[in-house]
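Chain residues, written in single-letter form:
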Amino acid sequence: MPSLAATTSSLPAAPPRSSSDASSPTATARSSLNLLRSLARARRTDLSHRALLLFRSLHSTSSPSSSAAPPPHFSLPAALSAAAFLAALPEGRQLHALAAKIGLAPAHAVVSNSLVHLYASCGLPDEASRSSAASRHRRSPDAYTVQSVLGACAGAGALSLGLYAHALLLRELGGAGDAGDVSRDVLINNSLVDLYGKCGAVELARQVFDRMPERDLASWNAMVLALANHGRVRESLDLFDRMTRTENVVPNAITFVAVLSACNHGGLVAEGRGYFAAMVSEYGIRPRIEHYGCMVDILARAGLIEEALDVVAGMKCRPDSIIWRSLLDACCKRNAGLELSEAMAKLALDVPDDAVSVSGVYVLLSRVYASAQRWNDVGMIRRLMSEDGFKKEPGFSSIEMAGSVHQFVAGDTSHPQSEEIYKKLDEIQQRLTSAGYKPDLSEAPMVADMDRTKGATLRLHSERLAISFGLFNATPGAPIRILKNLRVCKDCHTISKLISKLYDVEIIVRDRIRFHHFKDGSCSCKDYW
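Since this is a predicted model, take the numbers as computed values, not measurements.

A. How the structure looks around the environment of C317. If you trace the backbone, C317 turns up in the loop between α17 (305–313) and α18 (321–334). Accessibility expressed as a relative area gives 30% for C317, which makes it partly exposed. C317 sits 28 residues away from I289 along the chain, and the two C-alpha atoms are 7.0 Å apart.

In structure tokens:
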């Protein structure tokens, strides 16, 4: 990503807060701003990169008087949002410096909130807290500010910072039960349900939901989805039934994404079919790509690949790469055959998408070839990835401890406590071996030839380093909470169950798909993920 520092010379100073006319963008600037916001809100890697490039282009090629560049207090929040989605800390810091230089940080509320979101999304709750505190020194926080902080904490899985924001909300914005009590605000309470659901504290999410004096549709949607993502499938579906039959709340398209997700996480094929049909026939909701994606995944993961393909054939919209990758993943796990797997891979690669998605298809296809012992094809896939500049998405695991987020990658030795982490890891390995653990070598990289090398590679997966760190740093009796950017592998899933039993500790892992609560040697997903 090109440096954003060059934009500082051409940006105008912050407009007077009292002059709305002076700060309103022209028609040309509005068009540019709408495009910038649309790119930032798309929540796609490639489009977020384009948003940052557009911001740089607008403000580095235009003079302050140009009608093409929107005022920075409009464009900076969008650019910061894109940087937050990408967890692009260097670019985010440049944008922060720019905002400070032209007087928008911490003076401007929306820019300050965007900075809090940025740092929380980058796993830096301390800096997010400092940005929030700097903003509060200039004015009392309003509900919008706290809601923004809650959303940022939810995205980063920063529970302790979210708890602090919740306490701040009650202390400074009311909690006495009067008419202006912000704790009665539906939007704030929805944000709290979302926060606790995404931070692995589903019990707290349910407490907030149950105590809400009033709820809107978004409240029900957030709670149904939170329960589904935590493996509480029956509770999720029961809540949906209560919502529609007892409370007479009419569901929308988002509700059915949550309900179908619950069926998917629970492997409930018949129920999934029933809810999909009811969505169309009873509620008149036209299926979207997300609904089709859930239904395809429900069927494919259950081994009903032919039926899943029939759903794809009947779609009213073009399948995206996620649907084809879901089918390819099912083919890989179910040994559906090379011909079908190759066909799914080709269809996934034919859909324009970002580099990470393409590399994911290559990785899945290489596993298919490896399972069939076709090592020449495995090598061909890796050469294609190298020649085309594609790299497997790097995995990382983060753990929050005492308000600070610690991030690990596979084989990481950069942490200040690395020596203690690896010493603990050796102890864990000895106890696992004594308990009869044998590594699942199918999860090791294909380039590792010898079983001993493969086993050593598995041992250094990022979540194992995070668990090791958590075991000697966590408060006794407190759960270890880990956030992963990739789906947890089978071998790490197995050892997490064993560690939870051997060390009498609960381990809560949020991967890119769902939550896993490891306790007493079992997992909330019931080994179906």
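There's plenty left to go through after this.
B. Representation of the pattern of salt bridges. As enumerated under the stated definition, the model contains 16 salt bridges in all. With its nearest N and O atoms 3.5 Å apart, the salt bridge here joins R487 to D329. Placement of R487 in the loop between β3 (480–484) and α25 (490–502) and of D329 in helix α18 is noted, with a sequence separation of 158 residues between them. Judged by its relative accessible area of 28%, R487 is partly exposed. What makes D329 buried here is its relative accessible area of 17%. Across the pair K424 and E427 runs a salt bridge, and its minimum N-O distance is 3.3 Å. One end of the pair, K424, and the other, E427, are both in helix α22 (residues 418–434), three residues apart, so they sit about a helical turn from each other. We classify K424 as buried; its relative accessible area is 17%.

C. Region of the structure containing the confidence of the model for the protein. Confidence along the protein averages 83 in pLDDT terms, with 85% of residues attaining 70 or more. Note on residues 5–24: pLDDT is under 50 here. Beyond four places in sequence and across chains, it has 33 contacts. Scored below 50 in pLDDT, residues 446–455 makes 16 contacts in the model with residues more than four places away or belonging to other chains.

D. Quick peek at the packing of α17 against α18. Look at α17 against α18: their axes get within 11 Å of each other, and the N-to-C directions meet at 170°. If you check the angle between α17 and α18, you find them roughly antiparallel. Contacts between α17 and α18 involve I305, A308, L309 and V312 from the former and I323, W324, L327, A330 and C331 from the latter. Residue classes in the contact of α17 with α18 are distributed as nine nonpolar, no polar and no charged.

E. Broad picture of the packing of aromatic side chains. Considering all chains together, one arrives at seven aromatic pairs under this definition. Seen from their ring centres, F209 and W220 are 5.1 Å apart, and the 80° between their planes marks the pair as edge-to-face. Placement of the pair is F209 in helix α11 (residues 202–211) and W220 in helix α12 (residues 217–229), with a sequence separation of 11 residues. The same class applies to F209 and to W220, which are both buried. Ring centres 5.6 Å apart and planes at 55° place the aromatic pair F256 and Y283 in the tilted group. In this pair, F256 is assigned in helix α14 (residues 253–266) and Y283 in the loop between α15 (269–281) and α16 (289–301), connecting sequence segments 27 residues apart. The class of F256 is buried, set by a relative accessible area of 0%. It is R215 that lies over the ring of W220; its NZ or CZ is 5.5 Å from the centre. The ring of Y503 carries R431 above its face, with NZ or CZ at 4.3 Å from the centroid.

F. Broad picture of the side chain of S500. Checked against the element boundaries, S500 lands in helix α25. A distance of 3.0 Å separates the side chain of S500 from the backbone nitrogen of G521, its partner in a polar contact. Excluding anything up to four places from it in sequence, S500 contacts V505, I507, F518, K519, D520, G521 and S522.

G. Examining the pairing of β3 more closely. With four of its five residues buried, β3 lies for the most part within the structure. The pairing of strand β1 (residues 396–401) with β3 spans three bridges and is antiparallel. Its bridge partner being in β3, I399 is matched across the sheet by I482. Examined bridge by bridge, β3 and strand β4 (residues 507–510) share four bridges and lie parallel to one another. Paired with I480 across the bridge in β4 is I507.

H. The arrangement of the side chain of T255 in detail. Inspection of the secondary structure puts T255 in helix α14. With residues up to four places along the chain from it excluded, the contact list for T255 reads L217, N221, F240 and M243.

I. Layout of the nonpolar core. Counting residues in hydrophobic clusters, the biggest one holds 120 residues, and the most contacted among them are L76, M223 and L327. In terms of residue count, helix α20 (residues 355–371) provides more of this core than any other element does, nine residues in total. Shared between two domains, this core takes at least three residues from each, and those domains are domain 1 (215–286) and domain 2 (301–393). In contact with L327, not counting residues within four places along its chain, are V296, A300, I305, A308, L309, V312 and M344. In this structure, I480, Y503, V509 and C525 belong to the second largest nonpolar core, which totals 30 residues.

J. Spatial organisation of the sheet that holds strand β2 (residues 404–409). Taken together, six strands build an open sheet; the order of strands is β2-β1-β3-β4-β5-β6 and the sheet is mixed. Strand pairing shows two members of the sheet lacking a second neighbour, β2 and β6 (522–523), which therefore form its edges. Helix α24 (residues 462–473) rests against β1, β2, β3 and β4 of the sheet, and its axis sits at about 15° to β1.

K. Up close: the UniProt feature "repeat: PPR" (unreviewed entry) in the protein. The UniProt record marks residues 185–215 and 216–250 with the feature "repeat: PPR" (unreviewed entry), using the residue numbering of this structure. Between the first and last C-alpha atoms of residues 185–215 the distance is 9 Å; the span itself is 74% helix and 0% strand. Between the first and last C-alpha atoms of residues 216–250 the distance is 10 Å; the span itself is 77% helix and 0% strand.

L. Spotlight on unusual backbone geometry. Residue P106 follows A105 across a cis peptide bond; omega there is 10°. Mapped onto the elements, P106 comes out in the loop between α5 (89–101) and α6 (109–121). With a phi angle near 65°, Q373 is a residue other than glycine that sits in the positive phi range. In this fold, Q373 is placed in the loop between α20 and α21 (375–387).

M. Structural context of the pairing of strand β5 (residues 515–519). The buried fraction of β5 is high, at four of five residues. Two elements, β4 and β5, share four bridges in a ladder whose sense is antiparallel. Paired with I507 across the two strands is F518, which belongs to β5. Hairpin connection of β4 to β5: four residues between the antiparallel strands. Inspection of the sheet shows β5 paired to β6 by two bridges, in the antiparallel sense. Note that in β6 the partner of K519 across the bridge is S522. A loop of two residues connects β5 with β6, the two strands running antiparallel in sequence, and D520 in this loop sits at a positive phi of about 55°.

About the criteria used
Residues numbered from 1 in each chain as written. Predicted model: local features only at pLDDT ≥ 70, side-chain atom pairs only at ≥ 80, totals over all residues. Heavy atoms only, no water. Helix = DSSP H or I, 4+ residues; strand = E, 2+ residues; numbered from the N terminus. Buried < 20%, exposed > 50% of the residue type's maximum accessible area, 1.4 Å probe, protein only. Salt bridge = Lys/Arg side-chain N within 4 Å of Asp/Glu carboxyl O. pLDDT = per-residue confidence, 0-100. Contact = heavy atoms within 4.5 Å. Axes fitted to C-alpha atoms, helices over the stretch in contact; angles between N-to-C directions. Parallel < 35°, antiparallel > 145°, perpendicular 65-115°, else oblique. Nonpolar A, V, L, I, M, F, W, Y, C, P; charged D, E, K, R; others polar. Phe/Tyr/Trp six-rings, centres within 6.5 Å; stacked < 30°, edge-to-face > 60°. Lys NZ or Arg CZ within 6 Å of the ring centre and 35° of its normal. Polar contact = N/O pair within 3.5 Å; in protein donor to acceptor, adjacent residues only side chain to side chain. Pairing = 2+ DSSP bridges. Core = buried A, V, L, I, M, F, W, Y, C linked by side-chain atoms within 4.5 Å. Domains from an automatic or database assignment. UniProt positions renumbered as here; feature names shortened; annotations may be inferred.

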